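Here is how the chains run, residue by residue.
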Amino acid sequence: MTSEETSSNDGQLDTSVIFAVWKQAVETQMHFNELSIKTRQLGLAIVGAILAFAVVSFGKLNAIPLNFSCFHLDIPMTAILCLAAAFIIHLVKVLDVDVYHRLLRGAVKFNEELEANQLNRIVGTSVGLAQSITKYSREVKGEKIQLLGSRLLLFYRGIAFMLIGIAVALFIEKNWL
């Protein structure tokens, strides 16, 4: 397609091209959102499997502690499984928040600009879909705006700290109680 075929006489882009770009941008947003969801599902399924294994085998594995001879301390296998689950939660967080969520935010930002500069004029709206989603995905607490990314971090950190806390409690119980 040449530039003459995609623009009208007044220098504006053809509406079919604008809608095609908008459609592709929305599909890109959906793709990154789907990657985030699938990453969470897989990660939480793995963590669930590890924790299920830890619970089912609690009695048997706790009877076989790992010994650090220099410290003479026993580390229960269940504690190690909880730490492994916390590490997997961290890895899932890195993929979800630090990679896919950033890509999704970039796609949304592109779409916001496309809507503001081209699409809203054609459709006759003052606010586009991407702008509305961005506005309503933020939670206002007092004067502070809490972004979705910070809520995701709270979710992942909460799970990881809970798992680490359980591991520490099991370690203390095994060695000092």
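Refer to the preceding data block for the structure.
Quick look at the structure, then.

### As for helix α4 (residues 77-123)
Maximal helix bending in α4 amounts to about 55°, located at Glu 115. In the stretch just after α4, Gly 124 is the one whose phi turns positive, near 85°.

### Remarks on the side chain of Gln 29
Relative to the helices and strands, Gln 29 resides in helix α2 (residues 15-56). Every residue in contact with Gln 29, bar those within four places of it in the chain, is listed here: Leu 104, Ala 107, Val 108 and Asn 111.

### Some words on the packing of α4 against helix α5 (residues 129-136)
At a minimum axis separation of 7 Å, α4 and α5 run at an interaxial angle of 135°. On the basis of the axis angle, α4 is oblique to α5. Judged by residue contacts, Val 108, Asn 111, Glu 112, Glu 115, Ala 116 and Asn 120 of α4 engage Leu 129, Ala 130, Gln 131 and Thr 134 from α5. Class assignment of the residues belonging to the contact of α4 with α5 gives a composition of four nonpolar, four polar and two charged.

### Details of the pattern of salt bridges
Under the counting rule described, the total for this entry stands at four salt bridges. Across the salt bridge formed by Asp 98 and Lys 93, the nearest N and O atoms sit 3.1 Å from each other.

### Looking at a nonpolar patch on the surface
Residues Leu 83, Phe 161, Ile 164, Val 168, Ile 172, Trp 176 and Leu 177 make up a contiguous nonpolar surface patch of roughly 750 Å² in combined accessible area. The element contributing the most residues to the nonpolar patch is helix α6 (residues 148-176), with five residues. Secondary-structure assignment places Leu 83 in helix α4. Look at Leu 83 and you get partly exposed, because its relative accessible area is 42%.

### A word on the environment of Glu 173
In this fold, Glu 173 is placed in helix α6. For the pair Glu 173 and Pro 76, spaced 97 residues apart in sequence, the C-alpha to C-alpha distance is 9.5 Å.

The rules we used
Residues numbered from 1 in each chain as written. Predicted model: local features only at pLDDT ≥ 70, side-chain atom pairs only at ≥ 80, totals over all residues. Heavy atoms only, no water. Bend = angle between axes of the 7 residues up to and from the residue. Helix = DSSP H or I, 4+ residues; strand = E, 2+ residues; numbered from the N terminus. Contact = heavy atoms within 4.5 Å. Axes fitted to C-alpha atoms, helices over the stretch in contact; angles between N-to-C directions. Parallel < 35°, antiparallel > 145°, perpendicular 65-115°, else oblique. Nonpolar A, V, L, I, M, F, W, Y, C, P; charged D, E, K, R; others polar. Salt bridge = Lys/Arg side-chain N within 4 Å of Asp/Glu carboxyl O. Patch = residues over 30% accessible without salt bridge, like charges linked within 9 Å, V, L, I, M, F, W, Y side chains within 5 Å. Areas by Shrake-Rupley, 256 points an atom, 1.4 Å probe, with all protein chains shown as cover. Buried < 20%, exposed > 50% of the residue type's maximum accessible area, 1.4 Å probe, protein only.

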